[in-house]
Amino acid sequence: MGGQEMEISLKINGKDVKADVKPNTLLSTFIREDLNLTGTHIGCDTSQCGACAIHLNGDAVKSCAILAAQADGAEITTIEGIANDDELHPMQQAFHENHGLQCGYCTPGMVMSSIKLVENNPNISEEEIRKGLEGNICRCTGYHNIVKSVKQAATVMGG
Amino acid sequence: MPDGGSTGIGVSVKRKEDYRFLVGEGNYTDDINRPNQTHTYMLRSSSAHAKFSIDTSKASKAKGVVKIFVGTDMEVGSIPCGWQVDSKDGTPMREPAHPPIAKDKVRYVGEIIAVIIAESLEDAKNAAELIDVNYNDIPVIIDMQDALDNSKGLVHDEIESNVCYDWELGDSEAVDKAISEAAHITSLDIRNNRLIPNAMETRSAIGDYEHATGQYTLYTTSQNPHVIRLLMGAFVLGLPEHKLRVIAPDVGGGFGSKIFHYAEEAIVTWASNKIRRPVKWTSDRSEAFISDAHGRDHVTSVKLALDKDGKFLALKVDTLANMGAYLSTFASSVPTYLYATLLAGTYTTPAIHCNVKSIFTNTVPVDAYRGAGRPEATYLIERIVDKAAREMGISQVEIRRKNFIPVDAFPYQTPVALQYDSGNYNATLDAALKKADYEGFAARKADSVKRGMLRGIGFSTYLEACGIAPSAVVGSLGARAGLFECAEVRVHPTGSVTVFTGSHSHGQGHETTFAQLVSEKLGISTDMVEISHGDTNNIPFGMGTYGSRSLAVGGEAIVKAMDKVIAKAKKIAAHVMEASADDIELNNGNFEIAGTDKSMSLADISLAAYVPHNYPHEELEPGLDEKAFYDPLNFTYPGGCHICEVEINPNTGEVKVEGMTAVDDVGKVINPMIVEGQIHGGLAQGIGQALLENAAYDSNGQLLSGSYMDYAMPRADNFVDFKVGNEVTLCTHNSLGVKGCGEVGAIGSPPAVINAVVDALSELGVEDISMPATSEKVWNAINQAKNKN
């Protein structure tokens, strides 16, 4: 089952990766199981929750919604590749300062989605943040401090 | 210099645990892989009620399959319920057997019928397709009223009824008398909707048996690893504690759903011995919907008797509580001791009676979900108070003030067993009215009306009982465990500290809050403190985290252990400095001889304790490492006022939350930032219950709301900025004065939201709307009211 494996090459968090993947392997599974980058989380099986969001060729993408094979030749960043050594990305820092995370499970996806929201709309309003995060579910925070975090990060990121 | 002040009690210290989560280095159960591990797929029943036969012969030969187990392969103990409730006639609750894998009969969609263990999850899933299951369907019991009629069928043949127990609390005669004489009676029928907890991390478990030592390790997504060790070890698998290690690493939210001992935990642990390889299982979300314990699901009739001035005379409550198909760990206690005991709320109602029938149905087991019994009690109280006010022409605020337990009445003995230690309900109401700008409501409503919209405001002045619980009290009520907590405070030779706590953090921020307790008490920065939890081999003992108990019970255990550390440290300091221990004072981390400039730091003392060259050996053991157990004297009683303001579009029925204000009294606040975060999260779950969420079954027992496509999880754009504040009365029976904040948001808010919706619709003559108040429901209510008028 799953068909013949195929070779893909991609760049992930700045490193070149070559791997053999089955045609039915989801990108999220590939990232977690093959590359052992377990910061990308799986929270559902219907592409609703956004815990698996990553950056693929500059866009925030739910990695459970595409196949690993489709990422052939892509440039990918996961939550592990966002900080600059010990220096957190402004979005990560803002989540820390505003208590934008509790159990931490949705956090990687939230951070990845939020970075692109702000990069694509530097003067983002609260309403736009709430709308923009519709595809990321958090059960802990009531989103209150996540919205605050994104607002603060937007000012730091040059909005 | 010690610097306890800046990271001590009352400071919004940023969380110590954040970093690993923010950089993707959390360690959740599914992130763990053991060498030579196998993968498991649980084949689950697609029928809600059937006798079945199963043929795994073809599947056993499929690619990658290591072993397939069915129910008759796993002859172990029944999954136990942790709380025995007796019916009012004195008979014990009916407690049907609950095998981890169904043997010949299934009782809900989602029940495990076969365990497929393979080299990969894909192999296991593919093999499951080859399993032949033959279901002979039996009539399905979904509705609780149907369940009361034996002729419609029995969920369990071996017990003669679908009623688990028929239980009561309170003085039924006094209540009936008051009702027969009252100037006014208000009645209401209520459904407290079934919810699905939906922690974002799905459950996962890895069983790992080491043949050479006979040692079992279970990695699991649990809120209470020691409780799992006890329930699974002693009752299901017959494994002694010293051979069973349970590790609950980072856990991605629980909300109650990860308290319980689930079949999958026993299965992977047991199977890892059978196949002599680690066995891993991770639930996918669809599976979680039909296998995680659900919450709430009560149907209740309530009557409130009032005198002519609106003073409450009596409350009569009749409830049917859904247990699902089997008794989950805490299921029996939720609609009894965590529910009926709350029915006084914040009011002086002198007579209360509550009857609860808990019912087996062909649905997923129901158990504690954030609030557990207290949201159900609060909902009916705050809804009927609201309705009574409307009927009697008294304002929503006035009727509450008239009936509040006054500040000078504490300690206050309610007619339903509890004794409240402290509270000030007018204070939280006043603060909430101000925060919500109640005075400006009329103007905001006028503005809505101008735009063709309806606007309403709703209140909830709630109380809850948490910090569970005094072991002697819960023991007398049927709990099969004690509910104390344990902590060990280890001062290392160079003065840093590790705290081992039996509480478990799965988002609550214990690693920070508990470190602040140490910082405050021992005068060292939180950077010098590590909080260890979640591993039965590291932690002396623990009862875990639920019922908002971590700080009030677990925190107190840490304080007690620190008191022992300090007492010993003073003796060591006295010896080294040649003074009397009575003269040693601890000030900001320094152990000083009173009235002199001589002092030792904690680090000086701990070094002396671990390098005991100059040491009072005849009097003290070396080392500085103390353990304490703390059993609370009473429940704690947080309370407060939630005010919700909604705007409703009469053309679409859409309800928009325009304002959500919560002023809570959670006792002493250790970290205001974390407390506010807990309240935000609770509010979101409460608003979710009121407006969005509902677990719906069809009459065949199929879960209709079985994915995020169908179950309305609250999203960021369902909410506005919450306005949160606090007023403090201290808990009088613990040293910290803390009460608990984890559940108040979910307990207090649903009636505030629904009262606001009803307020908005009341001018049309709508008196009630059931949860969740979806657009469709509201639109229908508006149109029915219009047609009637």
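These numbers come from a predicted model, not from an experiment.

J.: I'm lost on the domain arrangement of chain A in this one. Help?
T.: Interfaces are often sized by the accessible area lost when the parts come together. Residue and element names in this part refer to chain A. Annotation of chain A at the domain level lists domain 1 (6-81) and domain 2 (90-157). With 18 residues of domain 1 in contact, the opposing surface of domain 2 contributes 13 residues. Each partner contributes to the roughly 1,200 Å² buried at the junction of domain 1 and domain 2, and carbon and sulfur atoms together form 62% of this total. At the boundary of domain 1 with domain 2, the tally comes to zero salt bridges. The tally of links from domain 1 across to domain 2 stands at eight residue pairs in polar contact (both at pLDDT 80 or more). Within the residue set of the side of domain 1 that touches domain 2, elements represented by two or more residues are strand E3 (53-56) and strand E4 (59-62). A per-class count over the side of domain 1 that touches domain 2 returns seven nonpolar, nine polar and two charged.

J.: Would you mind going over the layout of surface pockets with me for this structure?
T.: Leftover empty space is mapped by rolling, across the atoms, a probe with the size of a water molecule. Computed from the structure, the largest pocket encloses a volume of approximately 1,300 Å³. Along the walls of the largest pocket sit 42 residues, with A:Thr29, A:Glu33, B:Leu121, B:Glu122 and B:Lys125 positioned nearest its centre. Contributions of two or more residues to the lining of the largest pocket are made by strand E2 (15-21) and helix H1 (27-34) of chain A together with strand E1 (38-44), helix H3 (121-128), strand E12 (279-282) and helix H8 (285-289) of chain B. Looking at side-chain class alone, the lining of the largest pocket contains ten nonpolar, 17 polar and 15 charged residues. Roughly 520 Å³ of volume is contained in the second largest pocket. Residue lining of the second largest pocket: 18 residues in total, with B:Glu654, B:Lys656, B:Asp717, B:Asn718 and B:Phe719 positioned closest to the centre. At the level of secondary structure, the elements contributing two or more residues to the lining of the second largest pocket comprise helix H4 (126-132) of chain A together with strand E27 (655-665) and helix H17 (672-691) of chain B. Among the elements that make up the lining of the second largest pocket, the one with the highest residue count is H4(A) (four residues). Per-class residue counts for the lining of the second largest pocket are eight nonpolar, three polar and seven charged.

J.: Quick question: what am I supposed to make of the environment of A:Thr38 here?
T.: Looking at the secondary structure, you find A:Thr38 in the loop between H1 and E3. The class of A:Thr38 is buried, set by a relative accessible area of 14%. Residues A:Thr38 and A:Ser125 lie 87 residues apart in sequence; the distance between their C-alpha atoms is 32 Å. Residue contacts for A:Thr38: discarding those within four places in its chain leaves A:Arg32, A:Glu80, B:Gly24 and B:Asp31.

J.: Whenever I open this one, the packing of aromatic side chains confuses me. Can you help?
T.: Any aromatic ring pair is given by two values, namely how distant the centres are and how the planes are angled relative to each other. All names here are of chain B. Evaluated as defined, the whole model comprises 23 aromatic pairs over all chains. Where Trp-83 meets Phe-330, the ring centres are 6.3 Å apart and the plane angle is 65°; that geometry is what we call edge-to-face. Residue Trp-83 is located in the loop between strand E3 (65-70) and strand E4 (105-106), and its partner Phe-330 is located in the loop between strand E14 (312-324) and strand E15 (351-360); the two are separated by 247 residues in the primary sequence. As far as the burial class goes, Trp-83 and Phe-330 line up, both buried. Their ring planes at 45° and their centres at 6.1 Å tell us that Tyr-412 and Tyr-420 sit as a pair that is tilted. Just as Tyr-412 is buried, Tyr-420 falls in that class too.

J.: Please clarify how the interface of chain B and chain A should be interpreted in this entry.
T.: With 50 residues of chain B at the contact, the number on the chain A side is 48 residues. In this structure, the connection of chain B to chain A is made through six salt bridges. Applying the counting criterion to the chain B and chain A interface returns 29 residue pairs in polar contact (both at pLDDT 80 or more). Mapped onto the side of chain B that touches chain A, the elements with two or more residues apiece are helix H1 (18-22), H3, H8 and H17 of chain B. For the side of chain B that touches chain A, the element with the most residues is H17(B), which contributes eight residues. When its residues are assigned to classes, the side of chain B that touches chain A shows 23 nonpolar, 14 polar and 13 charged.

J.: Hey, could you run me through empty space enclosed by the protein in this one?
T.: All names here are of chain B. Throughout the structure, instances matching the rule amount to nine cavities of 30 Å³ or more. Taken as a whole, the largest cavity encloses approximately 650 Å³ of empty space. Around the largest cavity, the lining is made up of 47 residues, and of these Gln-508, Thr-545, Ser-548, Gln-678 and Gly-742 lie nearest the centre. Where the lining of the largest cavity is concerned, the elements lending two or more residues are helix H14 (510-522), helix H15 (550-577) and H17. Summarising the domain contributions, the lining of the largest cavity has at least three residues from each of domain 1 (18-23 + 484-630) and domain 2 (422-464 + 635-788). Empty space within the second largest cavity amounts to approximately 210 Å³. Contributing to the lining of the second largest cavity are 21 residues, with His-98, Tyr-108, Tyr-262, Ala-263 and Pro-365 lying nearest its centre.

J.: What's the story with the sheet that holds strand E11 (residues 244-247) of chain B in this structure? I'm lost.
T.: Within a sheet, neighbouring strands are paired by backbone hydrogen bonds and run either parallel or antiparallel to one another. Residue and element names in this part refer to chain B. Strand order in the open sheet formed by seven strands is E3-E5-E1-E12-E9-E10-E11, with mixed pairing between adjacent strands. Of all strands in the sheet, those bounded by a partner on one side alone are E3 and E11. The mean inter-strand angle of the sheet, taken between neighbouring strand axes irrespective of direction, is 20°. Contacting E1, E3 and strand E5 (112-118), H3 crosses the sheet at an angle of about 30° to E1. Those strands touched by helix H6 (residues 225-237) are strand E10 (215-220) and E11, and its axis lies near 140° from that of E11.

J.: Whenever I open this one, the nonpolar core confuses me. Can you help?
T.: A general tendency of soluble globular proteins is for nonpolar side chains to be buried together. Core analysis: the largest hydrophobic core is formed by 188 residues, its most contacted members being B:Leu343, B:Tyr420, B:Ile648 and B:Leu761. Of all hydrophobic cores here, the second largest spans 44 residues; its members include B:Val491, B:Ala515, B:Val529 and B:Ile670.

J.: What's the story with the side chain of A:His89 in this structure? I'm lost.
T.: All names here are of chain A. Here His-89 is to be found in the loop between strand E5 (75-77) and helix H2 (90-97). Within the structure, the side chain of His-89 is placed 2.9 Å from the backbone nitrogen of Met-91, a separation counted as a polar contact. When residues no more than four places from it in sequence are discounted, the contact partners of His-89 are Ile-82, Ala-83, Ile-115 and Met-157.

J.: Explain the domain arrangement of chain B here, please?
T.: Residue and element names in this part refer to chain B. In terms of domains, chain B is made up of domain 1 (18-23 + 484-630) and domain 2 (422-464 + 635-788). Here domain 1 and domain 2 have C-alpha centroids that lie 41 Å from each other. Opposite the 15 residues of domain 1 that make contact, domain 2 presents 16 residues. For the pair domain 1 and domain 2, the summed buried surface comes to about 1,100 Å²; carbon and sulfur atoms form 56% of the total. Summed over the shared surface of domain 1 and domain 2, the number is zero salt bridges. Here domain 1 and domain 2 share six residue pairs in polar contact (both at pLDDT 80 or more) between them. By residue number, the principal contributor to the side of domain 1 that touches domain 2 is H15, which donates five residues. Here the side of domain 1 that touches domain 2 is built from residues that sort into five nonpolar, nine polar and one charged.

J.: What is the right way to look at the sheet that holds strand E26 (residues 639-648) of chain B in this model?
T.: Residues and elements named next belong to chain B. The four strands are arranged E18-E26-E27-E28 in an open sheet whose pairing can be described as mixed. Two strands close off the open sheet at either side, each with one partner strand: strand E18 (454-463) and strand E28 (722-726). If you compare each strand with its neighbour and ignore which way they point, the axes differ by 10° on average.

The rules behind each value
- Residues numbered from 1 in each chain as written.
- Chains lettered and ligands numbered in written order.
- Predicted model: local features only at pLDDT ≥ 70, side-chain atom pairs only at ≥ 80, totals over all residues.
- Heavy atoms only, no water.
- Domains from an automatic or database assignment.
- Contact = heavy atoms within 4.5 Å.
- Buried area = accessible area lost by both parts, 1.4 Å probe.
- Salt bridge = Lys/Arg side-chain N within 4 Å of Asp/Glu carboxyl O.
- Polar contact = N/O pair within 3.5 Å; in protein donor to acceptor, adjacent residues only side chain to side chain.
- Helix = DSSP H or I, 4+ residues; strand = E, 2+ residues; numbered from the N terminus.
- Nonpolar A, V, L, I, M, F, W, Y, C, P; charged D, E, K, R; others polar.
- 1 Å grid on protein atoms, 1.4 Å probe; cavity = no way out; pocket = protein on both sides within 12 Å on 5 of 7 lines; lining within 4 Å.
- Points joined across faces, edges and corners; volume = space filled by probe spheres on them.
- Buried < 20%, exposed > 50% of the residue type's maximum accessible area, 1.4 Å probe, protein only.
- Phe/Tyr/Trp six-rings, centres within 6.5 Å; stacked < 30°, edge-to-face > 60°.
- Pairing = 2+ DSSP bridges.
- Axes fitted to C-alpha atoms, helices over the stretch in contact; angles between N-to-C directions.
- Core = buried A, V, L, I, M, F, W, Y, C linked by side-chain atoms within 4.5 Å.

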